[in-house]
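Chain residues, written in single-letter form:
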Amino acid sequence: MTLLQELDKIYFFMKRDILSFSTYKTNILLSILSALFGALSYAFLGANAKMQVLETYHTDLTTYLIIGLAFNTYLSQSLTLVQRTINPWSLEEVLVSPTGLVTFIVGSSLWGFIWSTGVIAIYLAVGIFAFGVVLSVNIIGTVLVVALGIATFIGFSMIGAGILILTKQGDPVTTVITIATNLFGNVLFPPQVMPEALRVISYFVPQYYFFTTIREVLTGSSLQAILPDLLILIAMCAIILPLGYLAYSWCLRTAKKNGTLSWF
Amino acid sequence: MTATNEYAIVTSNLTKTYTSKIRRPEQRTSFFTRRNNRTVTAVNHLNLEIRRGELFGLLGRNGAGKTTLVKILCTLLPPDEGTASVNGFDVAKQQMKVKQSIGTIFSVGERGFFWRLTGYSNLEFYAAINNVPRHGRQKRIMEVLDLVGMKENAFEVFQKYSGGMKRKLALARALLPDPPILLLDEPTTGLDVVSSRNIREFIRNDLSRKAGKTVLYTTHYIEEASQICDRVAIMNKGQLIALDTPDALRSRVKKGEVVDVVVKNMTDAQINTLRGVDDVVSLAAEIQDAVSGKTRLRMRLENVDSLPRLFDFFFKEKIKIINFKQEEPTLEDAFIGLTGAGISE
């Protein structure tokens, strides 16, 4: 099994998804419109509201909201990514082919990320061209933080997918992580506006470090400036990603052993 | 275990047990109460050897363990006990090698296809993940589509295909990597007579005879197995209860033991009484004409000497015989004799 062969497989997973996706034309249009209107409405809110505490993040509310919304797309995509590969009808067919688990997961998720990148571009374009959002992108920092955020959330996604393979009826991980992101993730409001008891929780969720650091690197901060938060994010990723892989592999093996792989 | 170059598939003492939850309506269970579990041994200490190039039929009723066996052989299910090798590779320890040696069709024809893509695009995806080399991929896809008679429909969307076309595409998918071994789990289920026959002929003539593939063909259609397979194994409750050529299995039922009788005005109670007669090994009854009260009975008798006692029964019960003939035994008769029931029961 060569690397070229595996890349070829990943390409065809992606091609399959693009071809399927492109047949849902209304859905594509609605996704673009919802990104566009989402960005517009939050940008209006940002332009007309004040949140003093944002001085901590060296940014205005519009920029804060646009970045939060845009990059939340990536995290949402990552969080449901592995679950979406568990198509009961095709899972067995893929698993009887000589294709490894990593190729399968990467291949099945690539198109989702490319599409999400497009959606992020819409959010940022609305912010920049319609509301004068000014970004000063630290490219290396951005790539690093995004990669860490995605990897951490893929870890969560694998745990959720593993539970889904066993329970067949929704997983609590996705729900808990989505709630945690919205409440404590520093997506649409900073944790500083919350009471002390709740604010503390933010420091234990990786989303907080992701959104804090991504805002910093998109507004010109150096890696050195974000190092403490970045190190915490790296540590969390180093725990969650392998844990997710182990959990997913274990659940898959258990479902195979029990013969319930395609029971959905 | 036997030398693997002679045999494409070998199982030794292979066992797979499932635990399923029982939910009877009378047993009220709440979130906190434990449900009763039932253990089912789907494959029970199975020993099987399939020769290279053989078209091997595996016959059994629903739930006999055929699909479980196929899933173990294609690495989707790990065995609980025993070993299985495919193309000389252990299904538990050498999964990638096994996967590279097989093509599979599962009992649901459209399984795994992407309905909004064309047949060609579907095969292109499966060719890639099955390591069909990129440079010859297009040619190979068209070759297999041609083989199964789907070349003309290659660029139509999958969801427009008929049931037969979907099955043919599944067969084309299994053939893509040109594997030496094919595991075909009920490949004609749900197809019309003509499509079924076309697929059977293709499997026998092109895949088995011309290409020399080893084919494990599971079915619960007895005549299918009888028509195309070199050898047939009958599986019941996870075990092989017979294994031989179709002719040899048929010959286990002697000529004259199978009778076909058309009678008039026979009640259900009388049919049940006849079933209980010692000389009658099995009996299948169907109403031939409800208006005139004709019922057709197909029976297998204990032996030819049972005939006079059978006629005695009809005479005493005052049942009129319209037609009577002794039949050539079929594989179904052998199956009923071995399992004690019809295949659909």
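Structural data are supplied above this passage.
It should be emphasised that the depicted structure is a prediction, and the values quoted were computed from it without experimental measurement.

Rules used in this analysis
Residues numbered from 1 in each chain as written. Chains lettered and ligands numbered in written order. Predicted model: local features only at pLDDT ≥ 70, side-chain atom pairs only at ≥ 80, totals over all residues. Heavy atoms only, no water. Helix = DSSP H or I, 4+ residues; strand = E, 2+ residues; numbered from the N terminus. Buried < 20%, exposed > 50% of the residue type's maximum accessible area, 1.4 Å probe, protein only. Polar contact = N/O pair within 3.5 Å; in protein donor to acceptor, adjacent residues only side chain to side chain. Contact = heavy atoms within 4.5 Å. Buried area = accessible area lost by both parts, 1.4 Å probe. Salt bridge = Lys/Arg side-chain N within 4 Å of Asp/Glu carboxyl O. Expected span 1.5 Å × (residues − 1). Bend = angle between axes of the 7 residues up to and from the residue. Patch = residues over 30% accessible without salt bridge, like charges linked within 9 Å, V, L, I, M, F, W, Y side chains within 5 Å. Areas by Shrake-Rupley, 256 points an atom, 1.4 Å probe, with all protein chains shown as cover. Pairing = 2+ DSSP bridges.

Caption draft 1: A look at the side chain of threonine 213 of chain A. All names here are of chain A. Looking at the secondary structure, you find threonine 213 in helix α9 (residues 206-218). A residue is classified by how much of its surface remains accessible, and threonine 213, at 1% relative accessible area, is buried. Within the local environment of threonine 213, its side chain forms a polar contact with the backbone oxygen of phenylalanine 210, the two atoms lying 3.0 Å apart. Those residues within four positions of threonine 213 in sequence are excluded, and the remaining contacts are Val145, Ile226, Asp229, Leu230 and Leu233.

Caption draft 2: Geometry of the interface of chain B and chain A. Contacts between the two partners involve 32 residues from chain B, matched on the other side by 31 residues from chain A. Taking both sides of the interface into account, the surface hidden between chain B and chain A amounts to around 2900 Å²; carbon and sulfur atoms contribute 58%. Among the residues chain B hides against chain A, the three largest losses belong to Leu76, Arg116 and Ile129 of chain B. Together they make up 21% of the total. Linking chain B with chain A are five salt bridges, by the criterion used here. For aspartate 8 of chain A, the salt bridge is made with arginine 137 of chain B, and the minimal N-O distance between the two is 2.4 Å. Between chain B and chain A we count 11 residue pairs in polar contact (both at pLDDT 80 or more) in total. Mapped onto the side of chain B that touches chain A, the elements with two or more residues apiece are β1 (7-22), α2 (95-101) and α3 (119-129) of chain B. With six residues, α3 of chain B is the largest single contributor of residues to the side of chain B that touches chain A.

Caption draft 3: Representation of helix α6 (residues 193-210) of chain B in the model. Residue and element names in this part refer to chain B. A rise of 1.5 Å per residue sets the reference length of α6, with its 18 residues, at 26 Å; its end C-alpha atoms lie 24 Å apart and thus fit the reference within 8%. Within α6, the axis deviates most sharply at isoleucine 203, by approximately 25°. Among the residues of α6, those classed as buried are Ser195, Ser196, Ile199, Arg200, Phe202, Ile203, Leu207 and Ser208. On its buried face, α6 is in contact with β3 (55-59), α4 (137-147), α5 (163-175), β7 (181-185), β8 (214-219) and α7 (222-228).

Caption draft 4: Region of interest: a nonpolar patch on the surface. Where nonpolar side chains cluster on the molecular surface, the patch consists of Leu29, Leu30, Leu33, Leu36 and Phe37 of chain A and spans about 450 Å² of accessible area. In this structure phenylalanine 37 of chain A comes out as exposed when scored by relative accessible area, which is 52%.

Caption draft 5: Summary view of the pairing of strand β13 (residues 294-301) of chain B. Residues and elements named next belong to chain B. Note: strand β11 (residues 258-264) against β13, seven bridges, orientation antiparallel. Along β13, the bridge assignment pairs valine 263 with threonine 295. Here strand β12 (residues 280-289) pairs with β13 via eight bridges, running antiparallel. In the sheet register, alanine 284 faces β13, and the bridge partner there is arginine 298.

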